[in-house]
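Descriptive structure summary
Okay, here's what each chain looks like letter by letter:
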Amino acid sequence: SNCMKNYWIKSIAVLEIIGGIVGILFCVYISVTAGFALNVMVVLPVSLGIFILSLISGVYLWKETSFGRRASIIVQFIQLPKLISPAFTFMFSFGLDLFPHMTFVNDYSTVGVQFRFLADGQLFFMTQETPVLLGISIPALIALVKLQNYNIEKPEESEQAPPGPDEYFGTEQISDNR
């Protein structure tokens, strides 16, 4: 039903807005507490950009624009993979996240589920002594399906362009100016 479809889209929008705002504040907090250290300031703009994208996507999705839909698909693809490894760590959550994962430490592997609330952003390169974690975001999967099937439906009036000057004034009037 249209009401239920709207519920899903509005929920995705709210989570992206909350995740964006909290993520931006988180980035500011990290910058200040790290004393704007170079190693933090190299990766932080990427995280900040991702959280700003989440905020903007959520706002435009709430307004039911096609830009909002496209941007939200990008945001959900960013949230989808969960990867931690010594070489590269990439994990972002917006608003609410739940992800099953496998973790590999030395000869052991464990399976688990993690939950994130508000915002989480982890982007690291070359971290030593890091276990390997692979996971996938359940809310991002659901959101991608809902967004993929979501058509921006506006009332027919707003779809039609306003009449052009010929149509508006009538073609006879214009051609009668002999």
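You'll find the structure just up there.
Summary of the structure given here. (Residues numbered from 1 in each chain as written. Predicted model: local features only at pLDDT ≥ 70, side-chain atom pairs only at ≥ 80, totals over all residues. Heavy atoms only, no water.)

**Quick notes on the packing of aromatic side chains**
What the rule picks out here adds up to 6 aromatic pairs. The interplanar angle of 75° and the centroid separation of 6.2 Å between the aromatic rings of Tyr7 and Trp8 together place this pair among those described as edge-to-face. The side chain of Lys10 reaches across the aromatic face of Trp62, ending 4.3 Å from its centre. Lying across the ring of Phe99, Lys82 places its NZ or CZ 5.1 Å from the centre. (Phe/Tyr/Trp six-rings, centres within 6.5 Å; stacked < 30°, edge-to-face > 60°. Lys NZ or Arg CZ within 6 Å of the ring centre and 35° of its normal.)

**Some details on the nonpolar core**
Of all hydrophobic cores here, the largest spans 12 residues; its members are Cys27, Val40, Val43, Leu44, Ile50, Phe51, Val75, Ile78, Phe90, Phe92, Phe94 and Leu123. Of all the secondary-structure elements, those providing two or more residues to this core are helix 2 (38-62), helix 3 (66-79) and strand 2 (88-105). Here this core gets 5 residues from one element, more than from any other, and that element is helix 2. Apart from the residues lying within four places of it in its own chain, the contact partners of Leu123 are Val43, Val46, Ser47, Phe88, Thr89, Phe90 and Phe92. Formed by 11 residues, the second largest nonpolar core is a distinct cluster that contains Ile9, Ala13, Ile73 and Leu144. (Core = buried A, V, L, I, M, F, W, Y, C linked by side-chain atoms within 4.5 Å. Buried < 20%, exposed > 50% of the residue type's maximum accessible area, 1.4 Å probe, protein only. Helix = DSSP H or I, 4+ residues; strand = E, 2+ residues; numbered from the N terminus. Contact = heavy atoms within 4.5 Å.)

**Here's the deal with the pattern of salt bridges**
Under the definition given, this model contains 3 salt bridges. Lys10 is the salt-bridge partner of Glu64, the closest N and O atoms lying 3.4 Å from each other. Taken together, the residues span a long stretch of sequence, with Glu64 in the loop between helix 2 and helix 3 and Lys10 in helix 1 (residues 2-33) at a distance of 54 residues. The partner of Asp97 in a salt bridge is Lys82, and the shortest N-O contact between them spans 2.6 Å. (Salt bridge = Lys/Arg side-chain N within 4 Å of Asp/Glu carboxyl O.)

**Details of the packing of helix 1 against helix 4 (residues 138-148)**
Relative orientation of the contacting elements helix 1 and helix 4 amounts to 125°, with a least axis distance of 10 Å. Compared by their axis directions, helix 1 and helix 4 come out oblique. Two packed elements cross with a definite hand, and for helix 1 against helix 4 that hand is left-handed. For the pair formed by helix 1 and helix 4, the contact residues are Trp8, Ile9 and Ile12 on the first element and Ile142, Ala143, Lys146 and Leu147 on the second. Its residues assigned to classes, the contact of helix 1 with helix 4 shows 6 nonpolar, no polar and 1 charged. (Axes fitted to C-alpha atoms, helices over the stretch in contact; angles between N-to-C directions. Parallel < 35°, antiparallel > 145°, perpendicular 65-115°, else oblique. Left-handed = near helix turned anticlockwise from the far one by under 90°. Nonpolar A, V, L, I, M, F, W, Y, C, P; charged D, E, K, R; others polar.)

**Considerations on the packing of helix 3 against helix 4**
Relative orientation of the contacting elements helix 3 and helix 4 amounts to 155°, with a least axis distance of 9 Å. On the basis of their axis angle, the class for helix 3 and helix 4 is roughly antiparallel. In this structure, helix 3 meets helix 4 at a crossing whose hand is left-handed. Every residue of helix 4 that contacts helix 3 at Arg69, Ser72, Ile73, Gln76, Phe77 and Gln79 is listed here: Pro139, Ala140, Ala143, Leu144, Leu147 and Gln148. Residue composition of the contact of helix 3 with helix 4, grouped by class: 7 nonpolar, 4 polar and 1 charged.

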